[in-house]
Structures are given as C-alpha cells and as structure tokens.
Amino acid sequence: MARKKIALIGAGQIGGTLALLAGQKELGDIILLDIPDFAGVAKGKALDIAELSPVAGFDAGYSGTSDYADIAGADVVIITAGVPRKPGMSRDDLVGINAKVIKAVAAGVKEHAPNAFVIVITNPLDAMVGLFQQVSGLPAEKVVGMAGVLDSARFRWFLAEEFGVSVEDVTAFVLGGHGDTMVPSVRYSTVAGIPLPDLVKMGWTTQEKLDKIVQRTRDGGAEIVGLLKTGSAFYAPAASAIAMAESYLKDKKRVLPVAAKLSGEYGVDGLYIGVPTIIGAKGVEKIIQIDLSDEEKANFDKSVDAVKTLVDVTAKVSAEG
Ligand code: A3D
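Predicted, not measured: the structure shown is a model, and the values here were computed from it.

1. Description of the overall build of the protein
- Check the secondary structure of the protein and you find 10 helices and 12 strands.
- Since a compact globule built from 321 residues should have a radius of gyration of about 20 Å, the 19 Å found for the protein is in line with a globular shape.
- For the protein, the spread of C-alpha atoms along the principal axes amounts to about 55 × 50 × 40 Å.
- Counting the 321 residues in the protein, one finds 51% classified as buried.
- Of the contacts formed within the protein by residues at least 6 apart in sequence, a portion of 69% connects residues at least 24 apart.

Written as structure tokens, this is what we have:
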C-alpha cells in the first residue's frame, strides 16, 4: 500500500510538532507548507526531522515548500497557518489576521487537495473552521476543528493529578466552543467509568476542588500563554490533532470531541461547535447527541451564542477584505 500524504499548512510551533509526531506514528509522508518568507523554515524543519528519523527508527518522507501544487492529492491536511495569542490577547483578537490567512489557505486546499480530511487548528477555532469550510466548499464531514480533544486532555490531566491515578483511566468530556465559554461536563467525566459526582460522594475530592479544575480547564490555553509569553501551547495541540488524523487514516472510529458542523443537532444549524463525534474513514461519521441537564444546556447555549457572535465578526472582517 502506498504511503499516505499529510500536508501541514503552517510550519510554526504546532506545525513542526505535528511533523514530528506524524512521522513517529508512521502515518505517511509529510509536507510542511508556509508562506514564501518562511519556506526556509518549512524546509529546515522537514530536513531536521528527516535526519532524526534514522535515530528514532521510523520511515516517513519529509519536505518543505511554499507552493500549494506540492500538496496535491494529500489525504490529510492540518492547518495551523496564522498567528497565535500573546499574553493579554483573547483568541478572538486574532480574527482580523487569521480570517485572511484561512481564506488564502482554503483556496489552495480546494484547488490541490479537495479530497483530504481537513483539521483546522487556527484560532479563533470555531469561526476559522467554519470560514474554511465555507470558502473551500469541501464537504462538512471532511472538515473539522481541533479543540475538544485538547480541552478534554487538559481536563483529564488535572483530574489524574487530583486523584493520583493514571491519565489512561480518566475520561473527560468537553462540549461547546473553544473559548472561555467551553462546557467541561462533570457528569460525563469518569475515573475508570466512575462519574465525577460519585467520586465526590466517595470522598475522593470535593465539589469546590472540582469547580476549580473545571475553571482551570477553561483557562488552560491562557495559563500556557502566560507562562510562555512568546506564543501559545503547541505540544498538546499537535498531539490532539494527530489523534484525530490517525482515527481517520486507520478508520479507528474513535469517539472524539471535535468542532463539527451541526445541522439541527443540539438545536443548532449551520454552525461549527464542539460535540462528541465518531471519526472514521468517511470523516465525521456520526455526531453523538447526549442528554444535557438544564444547567449544561444553558451553558452550551451560552457557548453557541459566543461562537455565533464571533462568526458574525468574522463574516464582517472577511467581507471587508
Ligand atoms: P506559529 O508558531 O506562529 O505558526 C504559525 C505559522 O503559520 C507561521 O510559521 C506562519 O508563517 C504561518 N503562516 C502565516 N500565514 C500563513 C499563510 N497564509 N499560509 C501558510 N502559512 C502561514 O503559531 P502556532 O503554531 O503556535 O499556532 C498556530 C495557530 O494555532 C494559532 O492561530 C493559534 O492560536 C492556534 N492554536 C489553536 C489551539 C486550539 O486548541 C484550537 C491551540 C493552540 C494554538
């Protein structure tokens, strides 16, 4: 079987980490694309990782480019092109620059890799993935946004630390937009199947501590921006997108929270928002609708409203140029 082709649009912090992780998992040959001024960075990172591969013991082709013709026929495209946050900035402050970038990327992917499974990471996530799908016209089930896997990984790690158990045995559930209004669900998060409210009853933790963990999850991105000062998180975001790409390429049918385009589910139509899905060879094979409590539904609706506002701002900005 021929190797798959993975195109990474944006060869910055996340792009480079994606290239390394995709190679280590032998998901396919990897091409890093960046703007002409950064073509050297794309080529340099590609060569550096290629030279790592004999030591690490994996086979994957690596190249760098600024020419979209080189991504022709890509099976998976992961987009990180744009600018990240600096301290004091919200994800929403990035709309002006990143909307223009996403429009350019959408044109390139539409022309050269229209059959790819596309994972958008560029912030503000829910608005940028919606814009990409709208401009590229690619089928909605083949265009997703990465946020929920990362947000729930953060939630899982905080919970594993709190309980002193393996991260492998903690599952966590996060819904809604990727922003301050995201909805980490305490009811649907578990340690080895035991829901968090039961763990409170069992005396493993207190409701107060859980509330703090939920808030820390919501602020997880800002916590890292505050520490790094030069940009935003990149290791965990890259690993999260790779889990999504792997589920598609290997038809694993993993149940993953992704930003998917809803058509009536959860009472939302035509908007990208974080929901649990099954990711397999067809892309988003199913959007899973779970029962939300009144409080969860109210929080989810608030998150949807925040995403709608951002989508409106994005539409205005993109109409201007
Ligand atoms: P950074 O290291 O700056 O890399 C971005 C790269 O995009 C740079 O190399 C740019 O040259 C390149 N670029 C800019 N414009 C274009 C273009 N038109 N075509 C191709 N490449 C271009 O940033 P990063 O890798 O740290 O972050 C990338 C994006 O991911 C930012 O928007 C972040 O806000 C976002 N991000 C999202 C999450 C989510 O969970 C959704 C998490 C972390 C970061």
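2. Comments concerning the pairing of strand β1 (residues 5–9)
- The element β1 is largely enclosed, with a buried count of 4 among its 5 residues.
- For the crossover that starts at β1, traverses helix α1 (residues 13–24) and ends in the parallel strand β2 (residues 29–33), the hand is right-handed.
- When β1 meets strand β4 (residues 76–79), the two strands line up parallel, connected through 4 bridges. Across the sheet, residue Leu 8 finds its bridge partner in β4, namely Ile 78.

3. Overview of the sheet that holds strand β8 (residues 183–191)
- Strand order in the open sheet made by the 3 strands is β7-β8-β9, with antiparallel pairing throughout. Looking along the sheet, the strands with just one partner apiece sit at the ends: β7 (170–175) and β9 (194–195).
- Of the strand pairs in this sheet, β7 and β8 are connected by 5 bridges, and their pairing is antiparallel. The residue of β8 that forms the bridge with Val 170 is Val 191.
- On top of the sheet, helix α5 (residues 148–163) reaches β7 and β8; it is set at about 140 degrees to β7, its chief contact.

4. Quick word on the site of the ligand
- Close to the ligand lie 26 residues; Gln 13, Ile 14, Asp 34, Val 83 and Ile 121 are nearest.
- Within the backbone of Ile 14, an N or O atom sits 2.9 Å from an oxygen atom of the ligand.
- Note that an oxygen atom of the ligand is positioned 3.5 Å from one of the side-chain N or O atoms of Asn 98.
- Isolated, the ligand exposes 880 Å² of accessible area, and the fraction of that covered by the protein chains is 89%.
- Looking at the shell around the ligand residue by residue, the class counts come to 15 nonpolar, 10 polar and 1 charged.

5. Description of the nonpolar core
- By size, the foremost hydrophobic cluster in this structure holds 53 residues, and its most contacted members are Leu 18, Ile 78, Ile 119 and Phe 300.
- Per-element accounting of this core gives the leading share, 7 residues, to helix α9 (residues 235–249).
- Grouped together as the second largest cluster of nonpolar side chains are 33 residues, Ala 116, Val 120, Leu 125 and Val 317 included.

6. With respect to the packing of helix α4 (residues 125–136) against helix α10 (residues 294–320)
- In the contact formed by α4 and α10, the axes pass within 9 Å of each other and the chain directions differ by 50 degrees. If you check the angle between α4 and α10, you find them oblique. As for how α4 packs across α10, the hand of that crossing is right-handed. Here Asp 126, Ala 127, Met 128 and Leu 131 of α4 lie close against α10, whose contacting residues are Val 307, Leu 310, Val 311, Thr 314 and Ser 318.

7. Concerning unusual backbone geometry
- Cis rather than trans, the peptide bond between Asn 123 and Pro 124 has omega equal to -5 degrees.
- Position of Pro 124 among the secondary structure elements: in the loop between β5 (117–120) and α4.
- Even without being a glycine, Asp 251 presents a positive backbone phi close to 50 degrees.
- Inspection of the secondary structure puts Asp 251 in the loop between α9 and β10 (254–263).
- A residue is classified by how much of its surface remains accessible, and Asp 251, at 33% relative accessible area, is partly exposed.
- With phi around 55 degrees, Tyr 266 is a residue other than glycine that occupies positive phi space.
- The class for Tyr 266 is buried, based on a relative accessible area of 8%.

Reading guide: rules and limits
Residues numbered from 1 in each chain as written. Predicted model: local features only at pLDDT ≥ 70, side-chain atom pairs only at ≥ 80, totals over all residues. Heavy atoms only, no water. Helix = DSSP H or I, 4+ residues; strand = E, 2+ residues; numbered from the N terminus. Rg over C-alpha atoms; globule rule 2.2 N^0.38 Å. Buried < 20%, exposed > 50% of the residue type's maximum accessible area, 1.4 Å probe, protein only. Contact = heavy atoms within 4.5 Å. Right-handed = clockwise from strand over helix to strand, strands pointing away. Pairing = 2+ DSSP bridges. Axes fitted to C-alpha atoms, helices over the stretch in contact; angles between N-to-C directions. Near = heavy atom within 4 Å. Polar contact = N/O pair within 3.5 Å; in protein donor to acceptor, adjacent residues only side chain to side chain. Areas by Shrake-Rupley, 256 points an atom, 1.4 Å probe, with all protein chains shown as cover. Nonpolar A, V, L, I, M, F, W, Y, C, P; charged D, E, K, R; others polar. Core = buried A, V, L, I, M, F, W, Y, C linked by side-chain atoms within 4.5 Å. Parallel < 35°, antiparallel > 145°, perpendicular 65-115°, else oblique. Left-handed = near helix turned anticlockwise from the far one by under 90°.

The values reported here are purely geometric and, on their own, carry no functional implication.
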